[in-house]
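Each chain, written out:
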Amino acid sequence: MTTMPDSGPHDDFGQYLTVLPGWQQFVASTTSTTMTVLTKNEYDALSKEEKYDYDEDRLDHHARLQVVATSTVRRTVTCGRRLTVLNRGAISARRGLIITGPANTGKTIALTQLGLAHELQDRRRHPGQDERIPVIYITVPPAATPRMIAAEFARFLGLPVLRSSNITDLTEAVVGVCTKARTGLVLVDEIHNISLQTRTGADASDTLKYFSERIPATFAYAGIDIEDSSLLTGTRGDQIAARFTAVDTHPFPYNAEWKALVAQLEANLLLHQHKPGTLTRLDRFLHTRTGGMIGTLSHQLRGAAVDAILTGSERITKAGLLAVDLDIASRRKQPGTDG
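None of the values given here were measured: they were computed from a predicted structure.

Rules of the game
Residues numbered from 1 in each chain as written. Predicted model: local features only at pLDDT ≥ 70, side-chain atom pairs only at ≥ 80, totals over all residues. Heavy atoms only, no water. Helix = DSSP H or I, 4+ residues; strand = E, 2+ residues; numbered from the N terminus. Rg over C-alpha atoms; globule rule 2.2 N^0.38 Å. Buried < 20%, exposed > 50% of the residue type's maximum accessible area, 1.4 Å probe, protein only. Contact = heavy atoms within 4.5 Å. Lys, Arg positive; Asp, Glu negative; His and termini not counted. Charge placed at Lys NZ, Arg CZ, Asp CG, Glu CD. Phe/Tyr/Trp six-rings, centres within 6.5 Å; stacked < 30°, edge-to-face > 60°. Salt bridge = Lys/Arg side-chain N within 4 Å of Asp/Glu carboxyl O. Polar contact = N/O pair within 3.5 Å; in protein donor to acceptor, adjacent residues only side chain to side chain. pLDDT = per-residue confidence, 0-100. Core = buried A, V, L, I, M, F, W, Y, C linked by side-chain atoms within 4.5 Å. 1 Å grid on protein atoms, 1.4 Å probe; cavity = no way out; pocket = protein on both sides within 12 Å on 5 of 7 lines; lining within 4 Å. Points joined across faces, edges and corners; volume = space filled by probe spheres on them. Nonpolar A, V, L, I, M, F, W, Y, C, P; charged D, E, K, R; others polar.

1. A look at the overall build of the chain
A count of helices and strands for the chain gives 14 helices and five strands. In terms of C-alpha radius of gyration, the chain reaches 22 Å, essentially the compact-globule figure of 20 Å for 339 residues. Along the three orthogonal principal directions, the C-alpha set of the chain runs to about 60 × 50 × 40 Å. By the burial criterion, 47% of the 339 residues in the chain qualify as buried. Of all intrachain contacts in the chain linking residues separated by at least 6 positions in sequence, the fraction that spans at least 24 positions is 73%. Here the chain holds 38 positive side-chain charges and 37 negative ones, and the gap between their average locations is 5 Å.

2. So, the packing of aromatic side chains
For any two aromatic rings, the description comes down to two numbers: the centre-to-centre distance and the angle of the planes. Per the stated rule, a full pass over the model turns up five aromatic pairs. On the basis of an interplanar angle of 15 degrees and a centroid distance of 6.2 Å, the ring pair of W23 and Y137 is categorised as stacked. Taken together, the positions of W23 in helix 1 (residues 20–29) and Y137 in strand 2 (residues 135–139) put the pair 114 residues apart, joining distant regions of the chain. Both residues of the pair, W23 and Y137, belong to the buried class. Of the aromatic side chains, those joined through ring pairs into one cluster are W23, F26 and Y137.

3. Section: the pattern of salt bridges
All chains considered together, the criterion is met by 10 salt bridges. In this structure, D122 engages R132 in a salt bridge whose closest nitrogen and oxygen atoms are separated by 2.9 Å. Pair noted here: D122 is in helix 5 (residues 107–125) and R132 is in the loop between helix 5 and strand 2, with a separation of 10 residues, a long-range link. On the basis of relative accessibility, which here comes to 16%, the residue R132 falls in the buried class. Of the charged contacts in the structure, one is a salt bridge between R155 and E152, with a shortest N-O distance of 3.4 Å. Taken as a pair, R155 and E152 lie in helix 6 (residues 146–157) at a separation of three residues, close to a single helical turn. With relative accessibility at 15%, the residue E152 sits in the buried group. Residues joined by salt bridges that share partners form a network here, namely D55, R58 and E314.

4. Regarding the side chain of T108
The residue T108 is located in helix 5 in this model. At a separation of 2.8 Å, a polar atom in the side chain of T108 contacts the side chain of D189.

5. Section: the confidence of the model for the chain
Looking at the chain as a whole, the pLDDT averages 89, with 91% of positions reaching at least 70. Helix 14 (residues 328–333) is the least confidently modelled element of the chain, averaging 66 in pLDDT, while strand 3 (residues 185–189) averages 98, the highest of any element. Ignoring residues within four places in sequence, the model shows residues 1–8, a span with pLDDT below 50, making 46 contacts including any to other chains. Long-range and interchain partners of residues 10–14, a stretch whose pLDDT sits below 50, account for 13 contacts in this model, where long-range means more than four residues apart.

6. Considering the nonpolar core
Within the largest apolar cluster, 54 residues are counted, with the highest numbers of intra-cluster contacts made by W23, F153, L187, I191 and F211. Take this core: its biggest share by element is seven residues, from helix 6. W23 has contacts with Y16, L17, T112, G115, L116, E119, V135, Y137, F156 and L187, leaving out every residue within four places of it along the chain. Counting 23 residues, the second largest nonpolar core, distinct from the first, contains L59, V262, A308 and V324.

7. Considering the layout of surface pockets
Here the second largest pocket is characterised by a volume of approximately 390 Å³. T84, R88, T183, G184 and P216 are the residues nearest the centre of the second largest pocket, which is lined by 19 residues in total. Counting residues per element, the lining of the second largest pocket draws most heavily on helix 5, at four residues. Here the residues of the lining of the second largest pocket sort into three nonpolar, nine polar and seven charged.

Rendered as structure tokens:
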């Protein structure tokens, strides 16, 4: 595995992870056959239509969030796995996990990789039990109300969310399905959208706490700079802080892990004319350009690979990397720019 960007709650195929079919497709994609690059002779032997389909498949490959096992992902999966085991015998006050750090540092990827690891482990322990729903993944909407939180759970499970459905109806339906389906891990992304400084935010936090008490599962949150947010302030915040372990994400320093990360991403390229080692020789340039931000690195390499296919150059060069525009946050940090 390798980690790539915080790109929002959707998987490689455009299916949203916040609905069960999208999550199941995400899990299935990790066990699918890896695409291999054709030789020049094999490519030349294809018909025009076959070349088009093959190139489209390669574009899809490079558009996906290829995941590499960074130290952050490994630490998240290890900690999350530990908590799910410890929580098996817990009747109440189950322990949880918070993934926190600056934007664009791989929080969503770490969260979803934890969910993936749990789902695959559950399938190994309970083969053939398709009625199980081991993992739920939701995102917290901006200015979330308790009913909006409950509705996110319901939508993931495919339960009807009607205007007439009150929060009690939604909550009971969700708890019933999760209990019957043996849900063991609940992933809640964008948790920074809850502010305990507002009455609505405090009520939304209480709703999540209520779900955690009713559903016999481990809860894992991810959000921007949670330890410095209002989510951990006051009495409610103290309760969260006492029950949750934090895993911090951060920009990567220029070190052996960064070099290995670039090398692994380069090995995933499916380009006919790309010379292996080109990107590893540019790993310091890539670190300076991206500021060690995994999301920016992902965008740079995948964007350059897409350009290489569309232009027919079939290789990534330093000039090709420079042609891929940086995100605004990274541009602000570039030497010689404002900010």
